[in-house]
Amino acid sequence: MKLLFRFPLAFLHRAKLSFGPVIRCPFSVGPKGGNCHTSPVSSQNASDQQRCLPHIPRRAVMYIPGDDVKKIAKIPTLNVDCPVLECEDGVAVARKEAARSMIVSTLNNAEWVKTRKSRALDVAVRINSIQSGLADDDLNTVLSASVLPTTLFVPKIEEEDHISWLANRLGIILSGRITQAPLRLILYIESAHALMQMRNLLKTALSLADGSGSLFALDGVVFGSDDYCADIGATRSKEATELIFARQFFVSAAKSFQRPIQAIDLVHIDFKDLSDLKRQAEEGARWGFTGKQVIHPAQVETVQRAFSPSPERIQWANDLITAFEEHQKLGKGAFTFQNSMIDMPLLLQAQNVVAQAKQLNL
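Scoring rules and cut-offs
Residues numbered from 1 in each chain as written. Predicted model: local features only at pLDDT ≥ 70, side-chain atom pairs only at ≥ 80, totals over all residues. Heavy atoms only, no water. Buried < 20%, exposed > 50% of the residue type's maximum accessible area, 1.4 Å probe, protein only. Helix = DSSP H or I, 4+ residues; strand = E, 2+ residues; numbered from the N terminus. Pairing = 2+ DSSP bridges. Right-handed = clockwise from strand over helix to strand, strands pointing away. Salt bridge = Lys/Arg side-chain N within 4 Å of Asp/Glu carboxyl O. Axes fitted to C-alpha atoms, helices over the stretch in contact; angles between N-to-C directions. Parallel < 35°, antiparallel > 145°, perpendicular 65-115°, else oblique. Contact = heavy atoms within 4.5 Å. Nonpolar A, V, L, I, M, F, W, Y, C, P; charged D, E, K, R; others polar. Phe/Tyr/Trp six-rings, centres within 6.5 Å; stacked < 30°, edge-to-face > 60°.

Trainee: Is there a simple way to think about the pairing of strand E7 (residues 183-189) in this case?
Mentor: The side chains of a regular strand alternate, first on one face of the sheet and then on the other. For E7, the buried fraction is high: 7 of the 7 residues fall into the buried class. Both faces of E7 are covered, namely the face carrying Leu 183, Leu 185, Leu 187 and Ile 189 and the face carrying Arg 184, Ile 186 and Tyr 188. Where strand E6 (residues 151-154) lies against E7, 4 bridges are found, and the strand directions are parallel. Bridge pairing links Thr 151 to Arg 184 in E7. In this view, the connection linking E6 to its parallel neighbour E7 by way of helix H7 (residues 160-173) has right-handed handedness. Direction of pairing for E7 relative to strand E8 (residues 216-223): parallel, over a ladder of 7 bridges.

Take a look at the structure:
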(Lines give C-alpha, C1' and ligand atoms only; values in the text may rest on other atoms or scores of the structure.)
Protein backbone atom coordinates (compact mmCIF):
# COMPACT_ATOMS: atom_id res chain seq x y z
CA MET A 1 0.00 0.00 0.00
CA LYS A 2 1.12 3.56 -0.58
CA LEU A 3 1.05 5.71 2.51
CA LEU A 4 0.12 9.31 2.07
CA PHE A 5 2.54 11.00 4.46
CA ARG A 6 5.74 12.29 2.85
CA PHE A 7 8.63 12.73 5.27
CA PRO A 8 12.40 12.19 4.85
CA LEU A 9 13.56 8.74 5.87
CA ALA A 10 16.78 9.65 7.68
CA PHE A 11 16.97 8.43 11.24
CA LEU A 12 19.28 9.28 14.09
CA HIS A 13 22.74 7.73 14.23
CA ARG A 14 25.02 8.85 17.01
CA ALA A 15 26.56 5.52 18.02
CA LYS A 16 27.98 2.37 16.46
CA LEU A 17 25.86 0.08 18.61
CA SER A 18 22.69 -1.55 17.30
CA PHE A 19 19.40 -0.26 18.69
CA GLY A 20 17.51 -3.35 17.64
CA PRO A 21 15.58 -4.57 14.62
CA VAL A 22 14.81 -2.11 11.87
CA ILE A 23 11.14 -1.20 12.05
CA ARG A 24 9.14 0.11 9.13
CA CYS A 25 8.06 3.66 9.68
CA PRO A 26 4.31 4.07 9.08
CA PHE A 27 4.88 7.69 8.08
CA SER A 28 7.22 6.96 5.18
CA VAL A 29 6.61 6.66 1.47
CA GLY A 30 6.63 3.30 -0.27
CA PRO A 31 4.61 0.16 -0.79
CA LYS A 32 5.43 -1.14 2.68
CA GLY A 33 6.42 2.07 4.39
CA GLY A 34 10.02 3.19 4.57
CA ASN A 35 12.75 1.93 6.84
CA CYS A 36 13.83 4.12 9.72
CA HIS A 37 17.46 3.87 8.68
CA THR A 38 20.27 5.30 10.77
CA SER A 39 22.08 8.24 9.27
CA PRO A 40 23.88 11.36 10.53
CA VAL A 41 21.79 14.03 12.20
CA SER A 42 21.49 17.61 11.08
CA SER A 43 19.44 20.27 12.83
CA GLN A 44 17.23 20.97 9.84
CA ASN A 45 15.91 17.41 9.59
CA ALA A 46 15.66 16.61 13.31
CA SER A 47 11.92 17.27 13.30
CA ASP A 48 11.32 14.89 10.41
CA GLN A 49 13.52 12.24 12.01
CA GLN A 50 11.53 12.42 15.23
CA ARG A 51 8.33 11.96 13.24
CA CYS A 52 9.86 8.78 11.83
CA LEU A 53 10.96 7.20 15.11
CA PRO A 54 10.00 3.52 15.32
CA HIS A 55 6.63 3.15 16.99
CA ILE A 56 6.71 1.65 20.50
CA PRO A 57 3.38 0.15 21.62
CA ARG A 58 2.03 1.30 24.96
CA ARG A 59 -1.41 -0.29 24.97
CA ALA A 60 -1.08 -0.98 28.70
CA VAL A 61 1.11 1.17 30.93
CA MET A 62 1.87 -0.37 34.33
CA TYR A 63 3.82 1.21 37.17
CA ILE A 64 6.25 -0.87 39.24
CA PRO A 65 7.75 0.67 42.41
CA GLY A 66 11.44 1.21 41.78
CA ASP A 67 12.38 0.06 45.27
CA ASP A 68 10.46 -3.23 45.17
CA VAL A 69 12.89 -5.98 44.15
CA LYS A 70 10.22 -8.70 44.02
CA LYS A 71 7.87 -6.76 41.76
CA ILE A 72 10.69 -5.71 39.45
CA ALA A 73 11.75 -9.35 39.15
CA LYS A 74 8.23 -10.24 37.95
CA ILE A 75 8.27 -7.80 35.01
CA PRO A 76 9.30 -10.45 32.43
CA THR A 77 6.18 -12.47 33.33
CA LEU A 78 3.70 -9.60 32.96
CA ASN A 79 3.53 -9.46 29.14
CA VAL A 80 2.75 -5.75 29.42
CA ASP A 81 3.66 -3.35 26.63
CA CYS A 82 5.04 -0.66 28.92
CA PRO A 83 6.37 -1.48 32.40
CA VAL A 84 7.36 1.77 34.12
CA LEU A 85 9.93 1.71 36.90
CA GLU A 86 8.51 4.17 39.36
CA CYS A 87 10.11 6.93 41.47
CA GLU A 88 6.93 8.92 42.11
CA ASP A 89 3.64 7.95 43.80
CA GLY A 90 4.48 4.28 44.32
CA VAL A 91 7.60 5.04 46.38
CA ALA A 92 7.63 6.47 49.92
CA VAL A 93 9.67 9.65 50.44
CA ALA A 94 12.12 7.80 52.66
CA ARG A 95 12.69 5.25 49.87
CA LYS A 96 13.32 7.60 46.96
CA GLU A 97 17.10 7.17 46.98
CA ALA A 98 16.77 3.40 47.27
CA ALA A 99 14.42 3.42 44.28
CA ARG A 100 16.85 5.46 42.17
CA SER A 101 19.71 3.10 42.96
CA MET A 102 17.62 0.01 42.26
CA ILE A 103 16.43 1.44 38.94
CA VAL A 104 20.02 2.13 37.83
CA SER A 105 21.04 -1.41 38.82
CA THR A 106 18.05 -2.83 36.93
CA LEU A 107 18.80 -0.83 33.78
CA ASN A 108 22.43 -1.89 33.83
CA ASN A 109 22.04 -5.56 34.75
CA ALA A 110 18.56 -7.00 34.21
CA GLU A 111 18.32 -9.47 31.36
CA TRP A 112 14.74 -8.43 30.60
CA VAL A 113 15.96 -4.87 29.91
CA LYS A 114 18.39 -6.18 27.28
CA THR A 115 15.68 -8.39 25.78
CA ARG A 116 13.12 -5.59 25.55
CA LYS A 117 15.60 -3.18 24.01
CA SER A 118 16.66 -5.77 21.42
CA ARG A 119 12.98 -6.13 20.45
CA ALA A 120 12.39 -2.34 20.36
CA LEU A 121 9.99 -2.55 23.30
CA ASP A 122 9.73 0.06 26.01
CA VAL A 123 11.95 0.31 29.08
CA ALA A 124 10.54 3.27 30.98
CA VAL A 125 11.12 5.24 34.17
CA ARG A 126 8.76 7.71 35.87
CA ILE A 127 10.49 10.47 37.81
CA ASN A 128 8.96 12.73 40.45
CA SER A 129 7.30 15.97 39.41
CA ILE A 130 9.48 18.98 38.73
CA GLN A 131 7.73 21.04 41.42
CA SER A 132 8.37 18.34 44.04
CA GLY A 133 12.06 19.26 44.20
CA LEU A 134 12.99 15.60 43.65
CA ALA A 135 13.14 15.50 39.86
CA ASP A 136 16.72 16.75 39.54
CA ASP A 137 18.06 13.99 41.79
CA ASP A 138 15.97 11.47 39.83
CA LEU A 139 17.39 12.66 36.51
CA ASN A 140 20.99 12.83 37.70
CA THR A 141 20.87 9.31 39.12
CA VAL A 142 18.74 7.49 36.56
CA LEU A 143 20.50 9.03 33.57
CA SER A 144 23.89 8.06 35.00
CA ALA A 145 23.10 4.43 34.16
CA SER A 146 25.24 2.89 31.45
CA VAL A 147 22.00 1.67 29.85
CA LEU A 148 19.55 4.55 29.52
CA PRO A 149 15.80 4.03 29.73
CA THR A 150 14.01 4.22 26.40
CA THR A 151 11.33 6.51 27.82
CA LEU A 152 11.06 9.02 30.64
CA PHE A 153 7.60 9.62 32.14
CA VAL A 154 7.30 13.12 33.66
CA PRO A 155 4.25 13.80 35.88
CA LYS A 156 2.29 16.95 36.70
CA ILE A 157 3.36 19.22 33.85
CA GLU A 158 1.65 22.55 34.59
CA GLU A 159 3.62 25.29 32.89
CA GLU A 160 5.78 25.77 29.82
CA ASP A 161 8.60 26.60 32.26
CA HIS A 162 8.45 22.99 33.50
CA ILE A 163 9.17 21.75 30.00
CA SER A 164 11.94 24.30 29.47
CA TRP A 165 13.55 23.25 32.76
CA LEU A 166 13.35 19.60 31.75
CA ALA A 167 14.87 20.27 28.33
CA ASN A 168 17.69 22.26 29.91
CA ARG A 169 18.49 19.57 32.47
CA LEU A 170 18.46 16.82 29.83
CA GLY A 171 20.81 18.87 27.69
CA ILE A 172 23.25 19.28 30.58
CA ILE A 173 23.06 15.75 31.98
CA LEU A 174 23.29 14.02 28.59
CA SER A 175 25.91 16.39 27.19
CA GLY A 176 28.67 14.37 25.55
CA ARG A 177 26.79 11.14 26.16
CA ILE A 178 26.69 8.74 23.19
CA THR A 179 23.04 7.91 22.61
CA GLN A 180 21.61 5.68 19.92
CA ALA A 181 18.19 7.29 19.71
CA PRO A 182 16.37 10.22 21.29
CA LEU A 183 15.23 9.77 24.87
CA ARG A 184 11.45 9.58 24.51
CA LEU A 185 9.31 11.73 26.80
CA ILE A 186 5.81 11.04 28.06
CA LEU A 187 4.22 14.01 29.86
CA TYR A 188 1.27 14.00 32.28
CA ILE A 189 -1.73 16.32 32.31
CA GLU A 190 -3.26 16.17 35.79
CA SER A 191 -5.10 19.42 36.53
CA ALA A 192 -7.73 21.71 35.05
CA HIS A 193 -5.10 24.38 34.44
CA ALA A 194 -2.83 21.94 32.59
CA LEU A 195 -5.74 20.63 30.54
CA MET A 196 -6.74 24.14 29.44
CA GLN A 197 -3.09 24.85 28.56
CA MET A 198 -2.46 21.44 27.04
CA ARG A 199 -2.00 22.46 23.44
CA ASN A 200 0.49 25.20 24.38
CA LEU A 201 2.36 22.76 26.62
CA LEU A 202 2.65 20.18 23.86
CA LYS A 203 3.60 22.84 21.31
CA THR A 204 6.46 23.93 23.57
CA ALA A 205 7.57 20.34 24.13
CA LEU A 206 7.57 19.60 20.40
CA SER A 207 9.48 22.79 19.62
CA LEU A 208 12.16 22.07 22.22
CA ALA A 209 12.42 18.43 21.12
CA ASP A 210 12.76 19.41 17.47
CA GLY A 211 15.53 21.82 18.42
CA SER A 212 17.37 19.41 20.70
CA GLY A 213 19.44 17.80 17.96
CA SER A 214 17.46 14.59 18.51
CA LEU A 215 18.53 14.41 22.15
CA PHE A 216 14.93 13.80 23.17
CA ALA A 217 11.52 13.43 21.52
CA LEU A 218 7.96 13.91 22.69
CA ASP A 219 6.31 10.52 22.31
CA GLY A 220 3.08 10.78 24.27
CA VAL A 221 0.93 12.24 27.00
CA VAL A 222 -0.95 10.65 29.92
CA PHE A 223 -4.24 11.76 31.46
CA GLY A 224 -3.88 11.72 35.26
CA SER A 225 -7.55 11.32 36.12
CA ASP A 226 -7.39 11.00 39.90
CA ASP A 227 -5.35 14.16 40.41
CA TYR A 228 -7.56 15.92 37.88
CA CYS A 229 -10.71 14.95 39.80
CA ALA A 230 -9.17 16.11 43.05
CA ASP A 231 -8.20 19.40 41.40
CA ILE A 232 -11.71 20.20 40.15
CA GLY A 233 -13.52 18.76 43.17
CA ALA A 234 -15.23 15.98 41.23
CA THR A 235 -16.19 12.65 42.77
CA ARG A 236 -14.51 9.77 40.96
CA SER A 237 -17.08 7.23 39.79
CA LYS A 238 -16.89 3.83 38.17
CA GLU A 239 -18.71 5.13 35.10
CA ALA A 240 -16.31 8.11 34.86
CA THR A 241 -19.07 10.36 33.51
CA GLU A 242 -17.46 13.25 35.38
CA LEU A 243 -14.46 12.88 33.05
CA ILE A 244 -16.14 12.69 29.64
CA PHE A 245 -15.30 16.26 28.65
CA ALA A 246 -11.75 16.11 30.00
CA ARG A 247 -10.95 12.83 28.24
CA GLN A 248 -12.34 13.97 24.90
CA PHE A 249 -10.62 17.35 25.13
CA PHE A 250 -7.38 15.59 26.10
CA VAL A 251 -7.33 13.21 23.17
CA SER A 252 -8.29 15.97 20.72
CA ALA A 253 -5.44 18.18 21.92
CA ALA A 254 -2.95 15.31 21.72
CA LYS A 255 -3.97 14.48 18.16
CA SER A 256 -4.19 18.08 16.92
CA PHE A 257 -0.54 18.34 15.81
CA GLN A 258 -0.54 15.73 13.03
CA ARG A 259 2.37 14.13 14.88
CA PRO A 260 2.47 10.57 16.29
CA ILE A 261 1.79 11.63 19.90
CA GLN A 262 0.33 8.77 21.90
CA ALA A 263 -2.64 9.52 24.17
CA ILE A 264 -2.81 7.28 27.24
CA ASP A 265 -6.11 7.04 29.08
CA LEU A 266 -7.14 6.95 32.72
CA VAL A 267 -6.85 4.14 35.26
CA HIS A 268 -9.91 1.96 35.88
CA ILE A 269 -10.23 2.17 39.65
CA ASP A 270 -11.79 -1.26 40.30
CA PHE A 271 -9.13 -3.73 39.18
CA LYS A 272 -11.37 -6.71 39.97
CA ASP A 273 -14.17 -5.66 37.60
CA LEU A 274 -12.75 -6.86 34.28
CA SER A 275 -16.10 -6.53 32.52
CA ASP A 276 -16.33 -2.80 33.17
CA LEU A 277 -12.61 -2.45 32.47
CA LYS A 278 -13.28 -3.92 29.03
CA ARG A 279 -16.11 -1.45 28.46
CA GLN A 280 -14.02 1.54 29.49
CA ALA A 281 -10.93 0.43 27.55
CA GLU A 282 -12.91 -0.16 24.36
CA GLU A 283 -14.56 3.23 24.85
CA GLY A 284 -11.16 4.88 25.11
CA ALA A 285 -9.94 3.11 21.99
CA ARG A 286 -13.02 4.30 20.05
CA TRP A 287 -12.39 7.85 21.23
CA GLY A 288 -8.84 7.84 19.86
CA PHE A 289 -6.71 6.91 22.87
CA THR A 290 -3.77 4.66 22.06
CA GLY A 291 -3.38 2.99 25.44
CA LYS A 292 -4.43 2.91 29.06
CA GLN A 293 -2.85 2.92 32.51
CA VAL A 294 -3.28 -0.24 34.57
CA ILE A 295 -2.73 -0.86 38.28
CA HIS A 296 -2.79 -4.65 38.44
CA PRO A 297 -1.42 -7.50 36.28
CA ALA A 298 -4.94 -8.89 35.93
CA GLN A 299 -5.91 -5.83 33.87
CA VAL A 300 -3.16 -6.15 31.26
CA GLU A 301 -4.67 -8.70 28.88
CA THR A 302 -8.10 -7.03 28.77
CA VAL A 303 -6.62 -3.60 28.10
CA GLN A 304 -4.12 -4.70 25.47
CA ARG A 305 -6.83 -6.60 23.61
CA ALA A 306 -9.06 -3.51 23.62
CA PHE A 307 -6.31 -1.41 22.06
CA SER A 308 -5.48 -3.99 19.39
CA PRO A 309 -7.33 -4.22 16.08
CA SER A 310 -9.58 -7.27 15.83
CA PRO A 311 -9.12 -9.82 13.01
CA GLU A 312 -12.30 -8.45 11.43
CA ARG A 313 -11.01 -4.89 11.61
CA ILE A 314 -7.69 -5.90 10.06
CA GLN A 315 -9.48 -7.71 7.23
CA TRP A 316 -11.69 -4.66 6.62
CA ALA A 317 -8.63 -2.42 6.45
CA ASN A 318 -6.72 -4.68 4.06
CA ASP A 319 -9.75 -5.05 1.80
CA LEU A 320 -10.36 -1.30 1.75
CA ILE A 321 -6.73 -0.55 0.85
CA THR A 322 -6.82 -3.15 -1.92
CA ALA A 323 -10.02 -1.63 -3.30
CA PHE A 324 -8.48 1.83 -3.15
CA GLU A 325 -5.39 0.73 -5.07
CA GLU A 326 -7.53 -0.94 -7.73
CA HIS A 327 -9.60 2.21 -8.21
CA GLN A 328 -6.42 4.30 -8.39
CA LYS A 329 -5.15 2.12 -11.24
CA LEU A 330 -8.41 2.77 -13.06
CA GLY A 331 -8.05 6.51 -12.53
CA LYS A 332 -11.06 6.70 -10.24
CA GLY A 333 -11.25 8.88 -7.13
CA ALA A 334 -14.07 8.43 -4.63
CA PHE A 335 -15.69 5.01 -4.60
CA THR A 336 -18.12 2.88 -2.63
CA PHE A 337 -16.86 0.10 -0.37
CA GLN A 338 -19.18 -2.14 1.67
CA ASN A 339 -22.05 0.31 1.15
CA SER A 340 -20.02 3.32 2.32
CA MET A 341 -18.44 6.16 0.38
CA ILE A 342 -14.70 6.10 0.90
CA ASP A 343 -12.79 9.33 1.41
CA MET A 344 -9.23 10.04 2.45
CA PRO A 345 -9.78 10.06 6.27
CA LEU A 346 -11.30 6.57 6.09
CA LEU A 347 -8.38 5.36 4.00
CA LEU A 348 -5.96 6.77 6.57
CA GLN A 349 -7.84 4.90 9.31
CA ALA A 350 -7.40 1.67 7.35
CA GLN A 351 -3.69 2.33 6.84
CA ASN A 352 -3.27 3.01 10.57
CA VAL A 353 -4.99 -0.29 11.41
CA VAL A 354 -2.70 -2.24 9.08
CA ALA A 355 0.42 -0.49 10.40
CA GLN A 356 -0.58 -1.25 13.99
CA ALA A 357 -1.38 -4.87 13.20
CA LYS A 358 2.02 -5.35 11.58
CA GLN A 359 3.79 -3.73 14.50
CA LEU A 360 1.99 -6.02 16.96
CA ASN A 361 2.49 -9.10 14.73
CA LEU A 362 -1.27 -9.66 14.49
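Trainee: Got a minute to help me understand the pattern of salt bridges in this structure?
Mentor: For side chains of opposite charge, pairing can occur when their charged atoms come near one another. Applying the stated criterion across every chain yields a total of 22 salt bridges. Residues Arg 58 and Asp 219 are paired through a salt bridge, measuring 2.9 Å at the closest nitrogen-oxygen approach. Of this pair, Arg 58 sits in the loop between helix H1 (46-51) and strand E3 (60-65) while Asp 219 is found in strand E8, placing the two residues 161 residues apart along the sequence. Arg 58 sits in the buried class, given a relative accessible area of 1%. Overall, Asp 219 belongs to the buried group, its relative accessible area being 8%. A salt bridge links Glu 301 to Arg 305; the nearest nitrogen and oxygen atoms lie 2.8 Å apart. Of this pair, Glu 301 and Arg 305 are both found in helix H13 (residues 300-306), 4 residues apart, which corresponds to roughly one turn of the helix. Taking relative accessible area as the criterion, Glu 301 reaches 56% and is therefore assigned exposed. Counted as one network, the salt bridges with shared partners bring together Glu 86, Glu 88, Arg 126, Lys 156, Glu 190 and Asp 227.

Trainee: What should I look at first to understand the packing of helix H11 (residues 244-254) against helix H12 (residues 274-287) in this one?
Mentor: Helix-helix packing is characterised by the crossing angle of the two axes and by the distance between the axes. Between H11 and H12, whose axes approach to 10 Å, the crossing angle comes to 40 degrees. As the angle between them shows, H11 and H12 are arranged oblique. Contact residues: Ile 244, Arg 247, Gln 248 and Val 251 in H11; Gln 280, Glu 283, Gly 284 and Trp 287 in H12. By residue class, the composition of the contact of H11 with H12 is 3 nonpolar, 3 polar and 2 charged.

Trainee: Explain the packing of aromatic side chains to me, please; I cannot follow it from the model alone.
Mentor: Here the distance between the centres and the angle between the planes together describe a pair of aromatic rings. Tallying each qualifying case throughout the model produces 5 aromatic pairs. Ring centres of Phe 223 and Phe 250 lie 5.6 Å apart, and the angle between their planes is 50 degrees; this geometry places the pair in the tilted category. One end of the pair, Phe 223, is in strand E8; the other, Phe 250, is in helix H11, and 27 residues separate them in sequence. This pair shows no difference in class: Phe 223 is buried, exactly as Phe 250 is. An aromatic cluster is built from Phe 223, Tyr 228, Phe 250 and Phe 289, whose rings are joined through pairwise contacts.

Treat this as a map of the structure, not an account of what it does.
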